[in-house]
Amino acid sequence: MASYKQQIRHSREELKTMKQLLNIATLLVLLCCLGGECKYMVYDTSHKIQPNKINVHLVPHSHDDVGWLKTVDQYYTGANNSIRGACVQNVLDSVISALIDDKNRKFIYVEMAFFQRWWNQQSEMLKIKVKELVNTGQLEFINGGMCMHDEATPHYIDLIDQTTLGHMFIKREFGQKPRVGWQIDPFGHSAVQAYLLGAELGFDSVFFARMDYQDREKRKNEKTLEVVWQGSKSLGSSSQLFTGIFPRHYDPPDGFTFEINDVSAPIQDDELLFDYNVQERVNDFVDAAIAQANETRTNHIMWAMGTDFRYQYAVSWFRQIDKFIHYVNLDGRVNALYSTPSIYTDAKHAADETWPLKTDDFFPYADKVNTYWTGYFTSRPTFKDYVRKMSGYYVVARQLEFYKGRNSSGPNTDALGDALAIAQHHDAVSGTQRQHVASDYALRIGKGYAEAEKVVASSLAFLTALRTSGNHENSVGTFQQCPLLNISYCPPSEAVLSDGKSLVIVVYNPLGWKREEVVRIPVSSHELIVLDSDGKEIKSQLLPIFNASLNMRNYHVKAYLGVSPSSTPQYWLGFTASVPPLGFSTYIISGAKHTDTSSTMSTVWTSDSTSDKTVVIGGGNLKLHYATDEGKLTHYINKRNLVEESIEHSYSYYSGHNSTNQASGAYIFRPSGTFPIKSEGQKAFAIIKGPIMDEVHHELNPWMYQVTRVYKEKEHAEVEFTIGPIPIDDGVGKEITTQITTNFKTNKTFYIDSNGRDFIKRVRDFRPDWDLQVNEPVAGNYYPINLGAYVEDGTLELSVLVDRAVGGSSLVDGQIELMLHRRLLFDDVKGVGELLNETICVLDDCKGLVVQGKFYIRIDPMGDGAKWRRTFGQEIYSPLLLAFAEQDGNDWKNSHASSLSMIDASYSLSNNTAIITLQELESGTVLLRLAHLYEVGEDKDYSVMASVELKKLFPNRKISKVREMNLSGNQERGEMEKKRLNWKVKDSSETKIVRGGGVDPEKLVVELGPMEIRTFFIDFDYLMMFASE
Ligand SMILES: [Zn+2]
């Protein structure tokens, strides 16, 4: 097969030479053709920009979803074609041939997950030719992440990671740096995309297709579909990006699509055949070009020549584009050319136009009156949770991998990185893929996790043994982790501690500041003592595990692992772990002897057993008041700052619209009614109190269970919800929401984060860019939440933080609403062609999906809320990592370090700075990414310049070289800044932007301005490692 392929390529080479000769004689050939004798036609496709004409930039592209109706590998290989005839291998094979055939042709490629698969299978000879195509600009990588990520539901750290993987691949294989963002399909566009995953990557522009239909109409009329977008208040014009929105969609105007079975009329230019139509088709082209030019500034317009999975037989497109360029330019009314978005961007820049300024973002997206794409903010809530938990795990696993030393051949974190990267695709974490595809993503993440888990275990074994015998090999296999801890399943902690055995828990903190947090583990006995790293006994609390939790645990363990748990834990054991920055502490749990004071058993009250009208929980500053008759939260009181407010917490559901006109489905949220979910009957609620935490358990109905938890040392309420299976026997799909309600006068205003980063002001029934016609008063006010939401009344702030991506809003003043789960019985006809009706199965016994998750509530005096939202928000993303081992006798302390910080013992990062990447690359160079967590003006103490001392971050290592890179690490920051295009902007005024200065090579201190993220490559002198020890 290979030699056959080579033969073809060889003859193509000859053909190419011939064509070049013929090109010279084009005019002559044309003359000959006019005589009607000539059959071989040569098309002149070499046209460049013409300054005095409308230039139609024809950009051949294929939009290749990294999983959607088929899995990523099925799309690549062309398997499962009964679902959809799509084979990306065909696209790349045929595009490359077509580009080699004619040096004027161009093509852009976007999704590196596919390109990498293809590239790895090519011969060295072909690779050389492809590199040539890339070097000459015929083939250009744009966007260049592993996938075209979603913009609503991923966390910004995931967006950075998946883009970095793709960009590093392109850099390594081609030495190229993508210049342009190409987010043509995501269903709405985020501020973080513009400034962070755009400008901070060194992109000069971003292009997309989907925007609100009302907004688009206005922009078409005003010629403002192209703007300069400043996504960040804090970084303002220093992170702005030229942004082009297509007038319709990411395909060509009607009549110009040329896949083999498309219906557009080809140009028929052979006079010996019937249906000669050159002038007719040229007229169509000129008409479409002029129509678009009338809506566009400057004399440059772009046609995206392609759409989903096109160019499987590439020459079918290129043949027609060749002809159009040839004949349209002969006609001469407009100028048509092969182009790319980079060439287009440069042309826009050269036009020296002043562009309208765009701030905030493009959410929510509606393509029609009742069609708001706000359902996917919540669709597949357990998959969203899995992606988020694994994202945090990937950060910590890379840290630990670095501390031990990366092993390229052995277990490493690469598979988890790859799996998470493709899970950011706009039909992955978004929840808009078919079920079998969702399972495929989860399987990949699961395999990646299994490998990363080994890295974490061996690294912790290495670190805990570091300061002693150095014989860490023995404990490599001993560290276990408990990914199902959230459903109270953790075999090592559940093991009965008998015969003098103890449980060792190593608690690792991936953040740069010291943390004190409650650790909870399921245990099987009740007389236990907990010893801290110094061997001192510390306070601990036992809480009962109720049957509702145990039933859920047993069912799901069977569903996930195929086996039933062998034991049943009786209690949760809670204690406060105190962990140094980027380091660990060790806790040892053993059976109490009669002489010890063992862990405190919680007191349990039920609503039947008390005659009090109200009950108060919270052993510290925060007190929550409940009305005992209904089990309802009534008051929130903080004794420290004297906040005292009425507050309610409720649940309700929307019935999903089932009309064939527009149903509520995987993408679309379209409610047909709202129904409160009341407590069914007089269900008991239980109150658990103890020295470390208090809990209120409330079973609202057989499919909704809620625990509200207040830790003695914390000033927020933690709500743990379990929802499902959502009943559908009434034939109605339901979308479950929760409301936290205060009396705040919030004047329709609320704030929601962008991808876990900047908070954006939202006003109910209002858009800053146009007069909103309100057709969907609920769905049209929904926004994606990744970190949290808050409202304020000038005196107080109510904040809610989430543990995964959800949709939410403030539909009533003083209230925050979150959508937590959805189960729908109609397809919303946006392409997926499947119902969003997730189930979980034990063998063939399936029931509706059960979601468990958490959100967090706090009320602060005005101006104090950001401290909690930012610093605690980062702790939600990066929870303490628990690893378990068993000790026989008392030997652990003798052979292991029990507490250690990997940074200088006297050092910690400020609460406004996080290490979001610490990773040893394959080359041995270390990638360090530091993020300022606060926006400008957000907090009086923390919205200031932060600094990080690299020498103290890496004690015992000699730093030999530090290079500041762009966000994806594919070029030095200075080089990127030099190339950056400056755009003239209308009505631009802003205050001074604060950014950190250059890093002095002697002092090695990194400064970070508010919201700044800085990326460094650090090389160490490994001979000097641990020299001080
Ligand atoms: Zn797509």
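Structure first, text after, so check above.
Report follows, based on the coordinates. (Residues numbered from 1 in each chain as written. Predicted model: local features only at pLDDT ≥ 70, side-chain atom pairs only at ≥ 80, totals over all residues. Heavy atoms only, no water.)

### Some remarks on the sheet that holds strand S23 (residues 614-617)
Definition in use: A pair of strands is treated as paired once DSSP finds two or more bridges between them. The way it works is that DSSP assigns letters per residue, a run of H or I at least four long becomes a helix, a run of E at least two long becomes a strand, and they are numbered from the N terminus. To define axes, lines are fitted to C-alpha atoms, for helices over the stretch in contact only, and angles between the resulting N-to-C directions are given on a 0 to 180 degree scale.
Strand order in the open sheet made by the four strands is S23-S24-S25-S26, with antiparallel pairing throughout. Each of the sheet's edge strands pairs with one partner strand only, and the pair in question is S23 and strand S26 (643-646). Taking each pair of neighbouring strands and ignoring which way they run, the sheet shows an average axis angle of 20°.

### With respect to the sheet that holds strand S27 (residues 648-656)
Pairing is antiparallel in the open sheet, where six strands are placed in the order S28-S27-S33-S40-S39-S36. Across the chains shown, the open sheet's two edge strands, defined by having one partner strand only, are strand S28 (671-677) and strand S36 (783-785). Neighbour-to-neighbour, the strand axes of the sheet open up by a mean angle of 35°, direction not taken into account. The sheet contact formed by strand S33 (residues 734-741) and strand S40 (residues 815-823) spans eight bridges and is antiparallel. Bridging across to S40, Ile 740 finds its partner in Ile 816.

### A short note on the pattern of salt bridges
Operational definition: Here, a salt bridge means any side-chain nitrogen of Lys or Arg that lies within 4 Å of a carboxyl oxygen of Asp or Glu. Type-normalised accessible area, obtained with a 1.4 Å probe on protein chains alone, sets the label of each residue: buried when under 20%, exposed when over 50%, and partly exposed for intermediate values.
Under the counting rule described, the total for this entry stands at 64 salt bridges. The shortest N-O distance in the salt bridge between Lys 514 and Glu 516 comes to 3.6 Å. You can call Glu 516 partly exposed: its relative accessible area is 43%. Here Arg 963 ties to Asp 1019 by a salt bridge, and the two come within 3.3 Å at their closest N and O atoms. Pair noted here: Arg 963 is in strand S49 (residues 958-965) and Asp 1019 is in strand S52 (residues 1013-1021), with a separation of 56 residues, a long-range link.

### Description of the state of the cysteines
Each disulfide consists of a covalent bond between the sulfur atoms of two cysteine residues. Spelled out, the test is: When two cysteine sulfur atoms are found within 2.5 Å, that pair is recorded as a disulfide.
Counted according to the given criterion, the structure contains two disulfides. Paired by a disulfide, Cys 482 and Cys 490 hold their sulfur atoms 2.1 Å apart. Measuring handedness by torsion sign, the sulfur bridge of Cys 482 and Cys 490 sits at about 65° and is right-handed. For the pair formed by Cys 482 and Cys 490, the shared burial category is buried. Taken N- to C-terminal, the disulfide-bonded cysteines of the protein are connected 1-2, 3-4. No disulfide involves Cys 87; its sulfur sits 20 Å from that of Cys 147, the nearest cysteine. Judged by its relative accessible area of 6%, Cys 87 falls in the buried class.

### Some remarks on the coordination of the zinc ion
Put simply, the rule is: Coordination shells were defined by N, O and S atoms within 2.8 Å of each metal, extended to 3.2 Å for Na, K and Ca; water is absent from the atom set, which can make sites look incomplete. Any coordination sphere not matching a tetrahedral pattern (four donors, all angles between 85 and 135 degrees) or a square planar or octahedral pattern (four or six donors, opposite donors over 155 degrees apart, other angles between 65 and 115) is reported as irregular.
Around the zinc ion, the protein contributes the donor atoms His 63 (NE2), Asp 65 (OD), Asp 185 (OD) and His 426 (NE2), at 2.0 to 2.1 Å from the metal centre. Around the zinc ion, the four donor atoms sit at angles spanning 89 to 165°, and that spread fits a shape best called irregular. For the zinc ion, the single-chain donor residues occur in sequence as H-x1-D-x119-D-x240-H. Highlighted residues: Asp 65 in the loop between strand S1 (55-60) and helix H3 (72-77) and Asp 185 in the loop between strand S4 (180-182) and helix H8 (191-195), separated in sequence by 120 residues.

### What to know about the packing of helix H5 (residues 112-119) against helix H6 (residues 124-135)
To keep things clear, this is the line we draw: Here the angle decides the label: under 35 degrees means roughly parallel, over 145 means roughly antiparallel, 65 to 115 means roughly perpendicular, and every other value means oblique. Two residues qualify as a contact provided that any one of their heavy atoms is within 4.5 Å of a heavy atom in the partner residue. Think of it as three bins: nonpolar holds Ala, Val, Leu, Ile, Met, Phe, Trp, Tyr, Cys and Pro, charged holds Asp, Glu, Lys and Arg, and polar takes everything else, Gly as well.
Between H5 and H6, the least distance of the axes is 12 Å, while the angle of their chain directions is 140°. Overall, the two elements H5 and H6 adopt an arrangement that is oblique. Residues Phe 115, Trp 118 and Trp 119 of H5 lie in contact with H6, whose contacting residues are Leu 126, Lys 127, Val 130 and Lys 131. Taken together, the residues of the contact of H5 with H6 break down into five nonpolar, no polar and two charged.

### Describing a nonpolar patch on the surface
Our working definition: Patch definition: residues with relative accessible area over 30% and no salt bridge; like charges joined within 9 Å; nonpolar side chains (Val, Leu, Ile, Met, Phe, Trp, Tyr) joined within 5 Å. For accessible areas, the Shrake-Rupley method is used with a probe of radius 1.4 Å. Any residue's cover is judged against the shown protein chains and nothing else.
On the surface, Tyr 560, Leu 561 and Val 563 cluster together to form a nonpolar patch covering roughly 300 Å² of accessible area. Assignment of secondary structure puts Val 563 in the loop between helix H17 (547-561) and strand S19 (571-579).

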